[in-house]
Amino acid sequence: MVAAPVDQVRTLYRTLLVFAAVSLFILVAGLVEFAYFEPPGQHTGLKATIVGVYQYDPDHKTTAGPDRNSFPRTFQFAAVVDWSSLPKNVVVDARWYDGFGNVVGSVGPGTPDQLAGQTIVPVKVPPGFSHNLPGHYVFVVERYEGGAPVEVIGRRVVLVER
Amino acid sequence: MSALTTARRANPRARRPARYAIAIAIAVALSLVLVASSILNYIYLDTVAGRTSLYGLLAVALIAMGTFIGVRAAARDPAVRRRDFIRAAVLLGLAALFWLLLIDVFIFTDAAGPRVAAVCALACLPTTAFGLWVVRRIDRNEKEPWRLVLVAAAWGAVVATSLVIWAESLWQDIAIRTLVPGPGFDVSTAFSAGILEELAKGSAVVLLFLVMRNEFDDVVDGIVYGAAVGLGFNFMESVAYMTNLYAIFAPDGVGGYAAGFQWYARQVLGLFFGHATYTAFVGAGVGIARQLPTTRKKLIAIAAGFIVAIAAHFSWDAWINLFPIVQNNFLILEIHLRTLIMTGPFTAAVIALLLLGLHIESQALADQFRKEAALGSGAIMPDEVPILMSPWRRFRQRLRALGRGGLRAYVRLARLQTAQVDLAMERWHRERQEVDTPLEAEQELRSQVISLRKQLAA
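The written sequence of each chain sets the order in which its residues are numbered from 1. Both sets of labels track the order of writing: A upward for chains, 1 upward for ligands. Only residues with pLDDT of 70 or above have their local features reported here, since the model is predicted, and side-chain atom pairs are shown and tallied only from 80 upward, although totals for entire chains, interfaces and linings are computed over all residues. Just so you know, side-chain values use all the structure's heavy atoms and leave hydrogens and water out.

(A) Here's a closer look at the overall build of chain B. Scanning chain B from N- to C-terminus turns up 15 helices and 0 strands. For chain B, buried positions account for 52% of its 458 residues. Across chain B, every contact between residues at least 6 apart in sequence was considered, and the portion connecting residues at least 24 apart equals 74%. Where accessible areas are quoted, they stem from the Shrake-Rupley method and a 1.4 Å probe; at the residue level, only the protein chains shown are allowed to cover. Counting every atom, chain B has about 21,300 Å² of accessible surface; 66% of that belongs to carbon and sulfur. Going along the chain from the N terminus, every DSSP run of H or I of four or more residues is numbered as a helix, and every run of E of two or more is numbered as a strand. The classification of residues rests on relative accessible area computed with a 1.4 Å probe and restricted to protein chains. Under 20% of the type maximum is buried, over 50% is exposed, and intermediate values are partly exposed. We call two residues in contact when some of their heavy atoms are within 4.5 Å.

(B) Region of the structure containing the environment of Gln368(B). Residue and element names in this part refer to chain B. Tracing the backbone shows Gln 368 in helix H12 (residues 331-375). For Gln 368, a relative accessible area of 1% corresponds to the buried category. For Gln 368, the contacting residues outside a window of four places in its chain are Ala 424, Arg 427, Trp 428 and Glu 431.

(C) Here's a closer look at the domain arrangement of chain A. Split into domains, chain A comes out as domain 1 (1-37) and domain 2 (49-160). Domain boundaries shown here were taken from an automatic or database domain assignment. Just the C-alpha atoms count here: the centres of domain 1 of chain A and domain 2 of chain A sit 46 Å apart.

(D) Summary view of the packing of helix H1 (residues 8-37) of chain A against helix H10 (residues 275-290) of chain B. One way to put it is that H1(A) packs onto H10(B) with a least axis distance of 10 Å and a crossing angle of 145°. Where H1(A) crosses over H10(B), the handedness of that crossing is left-handed. When H1(A) is examined against H10(B), the residues Val9(A), Leu12(A), Tyr13(A), Leu16(A) and Phe19(A) are found in contact with a partner set consisting of Phe281(B), Gly285(B) and Ile288(B). Each residue is assigned to one class: nonpolar for Ala, Val, Leu, Ile, Met, Phe, Trp, Tyr, Cys and Pro, charged for Asp, Glu, Lys and Arg, and polar for all the others, Gly among them. Among the residues making up the contact of H1(A) with H10(B), the classes are represented as 7 nonpolar, 1 polar and no charged. For helices, the axis comes from a line fit to the C-alpha atoms of the stretch in contact; other axes are also lines fit to C-alpha atoms, and the angle between any two N-to-C directions lies between 0 and 180 degrees. In this scheme the handedness of a crossing depends on how the near helix is turned from the far one: anticlockwise by less than a right angle means left-handed, clockwise means right-handed.

(E) Main features of the interface of chain A and chain B. At the junction of the two partners, chain A supplies 40 residues and chain B supplies 49 residues. Buried area between chain A and chain B, both sides added, is near 3,800 Å², and the carbon and sulfur share of it is 74%. Salt bridge criterion: a side-chain nitrogen from Lys or Arg within 4 Å of a carboxyl oxygen from Asp or Glu. One salt bridge in this structure joins Asp252(B) and Arg73(A), with 3.0 Å as the shortest N-O distance. Here a polar contact means two N or O atoms within 3.5 Å. Within protein one must be a hydrogen donor candidate and the other an acceptor candidate, and residues neighboring in sequence count only if both atoms are side-chain atoms. In this assembly, chain A and chain B are joined by 9 residue pairs in polar contact (both at pLDDT 80 or more). Summed over both partners, the accessible area lost on bringing two parts together, with a 1.4 Å probe, is the buried area.

(F) Structural detail: H10(B). A helix is expected to span 1.5 Å multiplied by its residue count minus one. Taking 1.5 Å as the rise per residue, H10(B) with 16 residues should run 22 Å; its terminal C-alpha atoms sit 23 Å apart, in good agreement. Along H10(B), 16 of the 16 residues are buried, which leaves the element largely enclosed by surrounding structure.

(G) Looking closely at the packing of H1(A) against helix H11 (residues 295-319) of chain B. Remark: H1(A) packs on H11(B), axes separated minimally by 8 Å, with the N-to-C direction vectors making an angle of 45°. With respect to their mutual orientation, H1(A) and H11(B) come out oblique. Handedness of the crossing formed by H1(A) with H11(B): left-handed. Along the contact surface, H1(A) presents Tyr13(A), Leu16(A), Leu17(A), Phe19(A), Ala20(A), Ser23(A), Leu24(A), Ile26(A), Leu27(A), Ala29(A), Gly30(A) and Glu33(A), while H11(B) presents Lys297(B), Ile300(B), Ala301(B), Ala304(B), Gly305(B), Ile307(B), Val308(B), Ile310(B), Ala311(B), Phe314(B), Ser315(B) and Trp319(B). Considered class by class, the residues forming the contact of H1(A) with H11(B) number 18 nonpolar, 4 polar and 2 charged. We call two directions roughly parallel when the angle between them is under 35 degrees, roughly antiparallel when it is over 145, roughly perpendicular when it lies between 65 and 115, and oblique otherwise.

(H) Focus on the state of the cysteines. All names here are of chain B. Any two cysteine sulfur atoms lying within 2.5 Å of each other are counted as a disulfide. Evaluation of the coordinates by the stated rule reveals 0 disulfides over all chains. Here Cys 120 stays unpaired: no disulfide links it, and the sulfur of Cys 124, its closest cysteine neighbor, is 6.8 Å away. When its relative accessible area of 0% is taken as the criterion, Cys 124 is described as buried.

What follows is the structure in structure tokens.
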């Protein structure tokens, strides 16, 4: 008795299915990672008061001028946060992210009382550069839980012009 | 084979296959997405971007017309086919150029200037052309026509990029306003790139499969077309990143360095390791589906190809930060190792599918060469079988023809060999019941081979 020849296309098909199974595992791992860093059910309704984003004078560590949504790249700028608007028992921080996702300025984490003296959060010019890099900068005030940020309770997006 | 089946296959005026309807539906859906994208850009983006985006509608119209004429040409009389193909190529070329111009004006010109954009595009052209040449060469038994490889690359560069601009911007906008910045945000962005870009690129491969079935034989062809789409996409993305980073870093005097690094990372190191690998998986899935017997298995194979492509793309974007590059003496080594470790396994998997596909194809063609020779039709002679089975021996035979009869003899022999391989391929598909063309098509190929043989002898 002669066995029927094996269709080699079926071998290809099965190989692809093995690759797809591994790929599904990768995608599930991605979903798990997303859920870990964005845990569901963390919405508390808390709102941090971001007073505004102003031009910043690094020599005197003060802000000046009106609240703005965009700056020339030669300008330094900072966000001003009113920590007193938050409950005293929460742990929070504030960070600036540049267009590449790098942290370019931060305060905290700590309780609002601990951060009371740090209401101005400036953007730092990257080492080796004379001005801020252009792009959209995101300022966030984050609530911490278990040592990690779990909820954004204040957010501003600022454009640094080219 | 039943008499009914024979009669249906022998019908020279066969009904238009249902896959054409699917292809038209997909094309219409893609065009609507492109038009919607242009209109939304016009409404929501700033004046310059919106205006140029509206002009993009013209590029969409040119692509639609070019594709329609190109597809229609395939089914036409050879006398008018060439003219239609040229018209389609011109329209697609105009659309590509128009879109390139748009991208320059839309995104970069304002910051980096048209000269920088042109230099970046020119820098990426030779490497992308080399990539396409290599990808086409890997199909050693039956090379795909340049026109289709270039159409695939053009769709990757022009259509796929246009499809994802709006969707990715929207996803990014929502993510920035809702997610906690950090790893979760990065994963979200990676899902956006993996899903949206692979769907946009893969749709071109699926359309080629549905419309140009005669030129889409198996997994090898699928990998070739998929990689070509990926290379086209990579070209446009490289130009975008190079010009954008140049504009960002130029005021600090390192714009050229930033653009040059992007060129190396995307056009040299990542030429085959990035988009070409990802979309080759979509092509592999579609190519395998081409040869499966049931609709269920076909759909599973196509879905599997998309899943692997999305996962490969996702893993690079999501986990690239796991391999941070430190500014030290080993910087160059680290960059290469990162690409090798993160994308290397996927590229190796594509190569495994390719080698297996080539092996299967070679065996099948050898079998069909022998069967055709045994038939005694005169299309393939018994002493030609060992030569036709080896691409290297075919090449040596052409070289001998070149020495004896010059370039004319070389070209004629090349045409004869191509027609003989086409005939064997047609026989293979018919034996596996994978063709919907009438039996006359095979006889026509046989007659064509015999005619080419006579021309060569003359």
